[in-house]
Amino acid sequence: MTQDEIVDLLTGKIKLVRTELGYTQDKMADILGISKKTLVQIEKERIKASWTVIVAMCALFRNSDILNHALGGNPLDVMELVVHEYVAVPKEKTWGGHVWWKEVDLRKGYRLQQNVISQHFRILDQKDHRVYSSFEENEARKRLKEI
C-alpha cells in the first residue's frame, strides 16, 4: 500500500471511527487538529483527509475496530511500514496469524505470512514475535533465507 491508497481508504472511515467512539464533530476535529468545517467536508467526502490527519487518527485511535479491520491489523504497524518500506526491529508478540494472515513459506521455524488486506509480508519467529515486515515479497523471502 502507498500513502495515497491509505488516505483513500481511511478518509471514508473517519466518520465511522468518530461514531464508534461516540465523539461529536467538534471533539473529533479538535483531537485531529483540524477545523470542524474541514472535518465535515472530509466526512461528506468532498475533500480527502491529509496524510497527517490519517496518521494522527491511526496513532490516537489505534485500538479502533474500524481501523484494525480496514488495515488488517494494528494501524501503526501499517503506517510505519509504508513510511520506512520495511521494518526489521523485533516487535511485540503477535497472535500468530489467526486473523488476516496467510502462510507463504516456512524455514527453520520462522514463518513468512502475507496480510490478506494490506498485502504486506511479515516474518514471525517460533514464539510468534514479528521480526521483519515489508511490502516487497522478494525482500521478505530474502530475509527469511538469511535467518
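It should be emphasised that the depicted structure is a prediction, and the values quoted were computed from it without experimental measurement.

The rules we used
- Residues numbered from 1 in each chain as written.
- Predicted model: local features only at pLDDT ≥ 70, side-chain atom pairs only at ≥ 80, totals over all residues.
- Heavy atoms only, no water.
- Helix = DSSP H or I, 4+ residues; strand = E, 2+ residues; numbered from the N terminus.
- Buried < 20%, exposed > 50% of the residue type's maximum accessible area, 1.4 Å probe, protein only.
- Areas by Shrake-Rupley, 256 points an atom, 1.4 Å probe, with all protein chains shown as cover.
- Lys, Arg positive; Asp, Glu negative; His and termini not counted.
- Charge placed at Lys NZ, Arg CZ, Asp CG, Glu CD.
- Arc of directions from axis to C-beta.
- Contact = heavy atoms within 4.5 Å.
- Core = buried A, V, L, I, M, F, W, Y, C linked by side-chain atoms within 4.5 Å.
- Phe/Tyr/Trp six-rings, centres within 6.5 Å; stacked < 30°, edge-to-face > 60°.
- Lys NZ or Arg CZ within 6 Å of the ring centre and 35° of its normal.

Within the chain one finds 8 helices and 5 strands. The helix and strand sequence of the chain, counted from the amino end, reads α-α-α-α-α-α-α-β-β-β-β-β-α. By its C-alpha atoms, the chain is 55 × 25 × 20 Å across when sized along the principal axes. With 147 residues in all, the chain has 41% of them scored as buried. Total accessible area on the chain is roughly 8200 Å²; 49% of this is exposed by carbon and sulfur atoms. In the chain, which carries 23 positive and 21 negative side-chain charges, the distance between the mean positions of the two groups comes to 2 Å.

Among the residues of helix H1 (residues 3-11), those classed as buried are Ile6, Val7, Leu10 and Thr11. Summarising the axial view, the buried residues of H1 lie within an arc of 120 degrees, below the 170-degree limit, and thus occupy one face. Packing partners of the buried residues in H1 comprise helix H2 (14-21), helix H4 (36-43), helix H5 (51-60), helix H6 (65-71) and helix H7 (75-84).

What follows concerns the side chain of Ser134. In this fold, Ser134 is placed in strand S5 (residues 130-134). Taking the relative accessible area as the measure of exposure, Ser134 reaches 2% and is therefore buried.

Let's shift gears to the nonpolar core. By size, the foremost hydrophobic cluster in this structure holds 25 residues, and its most contacted members are Leu10, Ile14, Leu32, Ile54 and Met57. Elements supplying a minimum of two residues to this core: H1, H2, helix H3 (25-32), H4, H5, H6 and H7. Apart from residues no more than four positions distant in its own chain, Ile14 is found in contact with Met28, Leu32, Leu39, Ile42, Ala49, Val53, Ile54 and Met57. Ile123, Val131, Tyr132 and Leu144 belong to the second largest nonpolar core, which has 7 residues in total.

Let us look at the environment of Val99. Among the structural elements, Val99 can be located in the loop between strand S1 (86-87) and strand S2 (101-107). You can call Val99 partly exposed: its relative accessible area is 36%. In this structure, the C-alpha to C-alpha distance between Val99 and His69, residues 30 residues apart in sequence, is 10.0 Å.

Another point: the packing of aromatic side chains. The tally for this structure, following the rule as stated, stands at 1 aromatic pair. Measuring from ring centre to ring centre gives 6.1 Å for Tyr23 and Phe61, while their planes differ by 50 degrees; the resulting arrangement is tilted. In this pair, Tyr23 is assigned in the loop between H2 and H3 and Phe61 in the loop between H5 and H6, connecting sequence segments 38 residues apart. Residue class for Phe61 comes out buried when judged on its relative accessible area of 8%. The side chain of Arg122 reaches across the aromatic face of Trp101, ending 3.7 Å from its centre.

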